[in-house]
Amino acid sequence: QVSSVRTMAFSVGASTRQIFNSRDRLAVTLSVPAKVRTGALQNDEIGARASYANAQEFGTPTLNLRPTATERDLEFGHTTMVGKTGRAGKLTGAVMLRVNPGHDATAAPDVLTGVRYSYGF
């Protein structure tokens, strides 16, 4: 049996162009990945088997689906066109700070970096 499960997520960002040259973009994003706000899972079948096997009443095991913290992500990204006219592709670099990754209160903050090159033909 699963109770009603409610989740929430949000993201807000801003970007601007022409920071270092005429073909670049700088962006910042703050987000909270999908997180369960309320919900539980009960397994009556396991509870019945546990009661029967041990000849005592343990009740129904319940798994709380709510995490222990709220993950918050802050990302900075920079994109620029490659080549004299920008026809050689697009290069993007990003850095992200994750606080409470995985919505886990005991998890240490993460710092992630990434680079992406794309070329259309």
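You'll find the structure just up there.
What comes next concerns the included structure. Computed from a predicted structure; not experimentally measured. (Residues numbered from 1 in each chain as written. Predicted model: local features only at pLDDT ≥ 70, side-chain atom pairs only at ≥ 80, totals over all residues. Heavy atoms only, no water.)

Here we take up the sheet that holds strand β2 (residues 24–38). Backbone-to-backbone hydrogen bonds pair the strands of a sheet. The strands run either parallel or antiparallel. Pairing in this open sheet of five strands is antiparallel, and the strands run β1-β2-β5-β6-β7 from one edge to the other. Two strands bound the open sheet, and with one partner strand each, they are β1 (6–17) and β7 (110–118). Taking the axes of each pair of neighbouring strands and ignoring which way they run, one obtains an average angle of 15 degrees across the sheet. Alignment of strand β5 (residues 72–81) against strand β6 (residues 90–99), held across ten bridges, turns out to be antiparallel. Paired with T79 across the bridge in β6 is T92. (Pairing = 2+ DSSP bridges. Helix = DSSP H or I, 4+ residues; strand = E, 2+ residues; numbered from the N terminus. Axes fitted to C-alpha atoms, helices over the stretch in contact; angles between N-to-C directions.)

A few words on the layout of surface pockets. By volume, the largest pocket is sized at about 160 Å³. If you trace the largest pocket, you find it lined by R17, Q18, S22, R23, D24, R25, T79, M81 and K90. Listed by contribution, the elements that provide at least two residues to the lining of the largest pocket are β2 and β5. Partitioning the lining of the largest pocket into residue classes produces one nonpolar, three polar and five charged. (1 Å grid on protein atoms, 1.4 Å probe; cavity = no way out; pocket = protein on both sides within 12 Å on 5 of 7 lines; lining within 4 Å. Points joined across faces, edges and corners; volume = space filled by probe spheres on them. Nonpolar A, V, L, I, M, F, W, Y, C, P; charged D, E, K, R; others polar.)

Before going further, it helps to spend a moment on the pairing of β6. Of the strand pairs in this sheet, β6 and β7 are connected by nine bridges, and their pairing is antiparallel. Across the sheet, the residue bridging to R98 is D110, located in β7.

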